[in-house]
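Working through the structure, step by step
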Amino acid sequence: MFIGHFAPAFLARGITEEAPKLGTLFIAAQLVDWAFFTFAIVGIEKLRIVPGMTAMNPLDLYHMPYTHSLSGTAAWALGFAIVIWLVSRNAIAATWGAIVVLSHWLLDLLAHGPDLTLAGGEEKFGMGLWNSPWIEMPLEIGITLAAFCFYIRRTKGPVVPPLILLGTMLVFQAINWFGPQPQEAGTGIYVTALLSFGILTALAFWVQSTRWHKSLVGLAVSGVRR
């Protein structure tokens, strides 16, 4: 699961103007992966390359208790919600931020092999759709496009910026699926992942500066377009 993680961000922003802005929700959607790859750089969490690990990629995510356990993801969600509340004093925005962070674990549960834990223990979970690309690929593209279309219908503004964002997401996903597979784990992989998240998040912040929610009408719009 890669760009599919951003589907909840599009959905949350489309549902209500009180949700955090799109760029902030893009951070929320991949927050635990931001943390995982940062932790991997310094050796706190770990992955290794095992050819044939799954049909879609060779990643063996064998130690990630602080980011990809359910309790760990919940802690990141709570922390993110607290930050949103401190900045906005809006409990609804904080709740939506937490929901988007938590959605990461649930979507990973669909795609990953059994490498997710509840609290870092020995029992591991994962439905393993990475071993069924004919299911995982259309599912990931489908939920992303559906959420994107929902966001576009629920907001106003020029269509070119969000299309550039979507096009970049699809290009990155194609590289992830069909590009050369990594031969060994290391800083190069981790930094590349973080860079891809950063580019997409920057584009999301750009998109949010060009669009406003349809619930805002009249003079209210001029005060929120930023």
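Structure: see above.
Summarised in this report is the structure supplied together with it.

How each quantity is defined
Residues numbered from 1 in each chain as written. Predicted model: local features only at pLDDT ≥ 70, side-chain atom pairs only at ≥ 80, totals over all residues. Heavy atoms only, no water. Helix = DSSP H or I, 4+ residues; strand = E, 2+ residues; numbered from the N terminus. Buried < 20%, exposed > 50% of the residue type's maximum accessible area, 1.4 Å probe, protein only. Contact = heavy atoms within 4.5 Å. Areas by Shrake-Rupley, 256 points an atom, 1.4 Å probe, with all protein chains shown as cover. Phe/Tyr/Trp six-rings, centres within 6.5 Å; stacked < 30°, edge-to-face > 60°. Lys NZ or Arg CZ within 6 Å of the ring centre and 35° of its normal. Axes fitted to C-alpha atoms, helices over the stretch in contact; angles between N-to-C directions. Parallel < 35°, antiparallel > 145°, perpendicular 65-115°, else oblique. Left-handed = near helix turned anticlockwise from the far one by under 90°. Nonpolar A, V, L, I, M, F, W, Y, C, P; charged D, E, K, R; others polar. Polar contact = N/O pair within 3.5 Å; in protein donor to acceptor, adjacent residues only side chain to side chain. Salt bridge = Lys/Arg side-chain N within 4 Å of Asp/Glu carboxyl O. Core = buried A, V, L, I, M, F, W, Y, C linked by side-chain atoms within 4.5 Å. Patch = residues over 30% accessible without salt bridge, like charges linked within 9 Å, V, L, I, M, F, W, Y side chains within 5 Å. Lys, Arg positive; Asp, Glu negative; His and termini not counted. Charge placed at Lys NZ, Arg CZ, Asp CG, Glu CD.

In this section: the overall build of the chain. Helix and strand counts for the chain stand at 9 helices and 4 strands. The N-to-C order of helical and strand elements in the chain reads α-α-α-β-β-α-α-α-β-α-α-β-α. Considered along the principal axes of its C-alpha atoms, the chain spans approximately 55 × 35 × 30 Å. Per-residue burial for the chain yields a buried fraction of 48% across its 226 residues. For the chain, long-range pairs separated by at least 24 residues make up 68% of all intrachain contacts whose partners lie at least 6 apart in sequence. Within the structure as shown, the chain displays about 10500 Å² of accessible surface, and the carbon and sulfur contribution to it stands at 71%.

We now examine the packing of aromatic side chains. Scanning the model with the defined rule gives 11 aromatic pairs in all. Above the ring of Y62, the side-chain terminus of R48 is found at 3.8 Å from the ring centroid.

Take D33: it is sitting in helix α3 (residues 31–42). Aside from chain neighbours lying at most four places away, what touches D33 is H68, H104, L194 and F197.

Of note, R89 is a non-glycine position whose phi angle comes to about 55°, a positive value. Secondary-structure assignment places R89 in the loop between α4 (70–88) and α5 (91–111).

Any two packed helices are characterised by the angle at which their axes cross and by the distance between the axes. Taken N-terminus to C-terminus, the directions of helix α2 (residues 22–29) and helix α8 (residues 187–208) make an angle of 155°; their axes are 7 Å apart at the nearest point. On the basis of the axis angle, α2 is roughly antiparallel to α8. For the pair α2 and α8, the sense of crossing is right-handed. Along its contact with α2, which presents L22, G23, T24, F26 and I27, the element α8 presents L200, T201, A204, F205, V207 and Q208. Classifying every residue of the contact of α2 with α8 gives 7 nonpolar, 4 polar and no charged.

Glancing now at the environment of T210. Examined against the element boundaries, T210 turns out to sit in the loop between α8 and β4 (212–213). In this structure the side chain of T210 is engaged in a polar contact, spanning 2.8 Å, whose partner is the backbone oxygen of V207.

What follows covers the pattern of salt bridges. Within the structure shown, the criterion is met by 3 salt bridges. For R13, the salt bridge is made with E17, and the minimal N-O distance between the two is 2.7 Å. D60 is paired through a salt bridge with R48; the nearest N and O atoms lie 2.6 Å apart. In this pair, D60 sits in strand β2 (residues 59–63) while R48 sits in strand β1 (residues 46–49), placing the two residues 12 residues apart along the sequence. What makes R48 partly exposed here is its relative accessible area of 40%.

Another point: the nonpolar core. Judged by nonpolar contacts, the single largest core of 54 residues is most densely connected at F10, L22, F26, F37, L165, M169 and L200. Apart from residues no more than four positions distant in its own chain, M169 is found in contact with I3, F6, F10, F26, T144 and L200.

Turning our eyes to something else, we now look at a positive patch on the surface. Together, R153, R154, K156 and K214 line one region of the surface with positive charge. The topology assignment puts K214 in the loop between β4 and α9 (220–224). Taking relative accessible area as the criterion, K214 reaches 41% and is therefore assigned partly exposed.

Take a nonpolar patch on the surface next. Taken together, the side chains of I41, V42, I44, Y66 and V191 define a hydrophobic patch exposed on the protein surface, amounting to about 450 Å² of accessible area. The topology assignment puts Y66 in the loop between β2 and α4.

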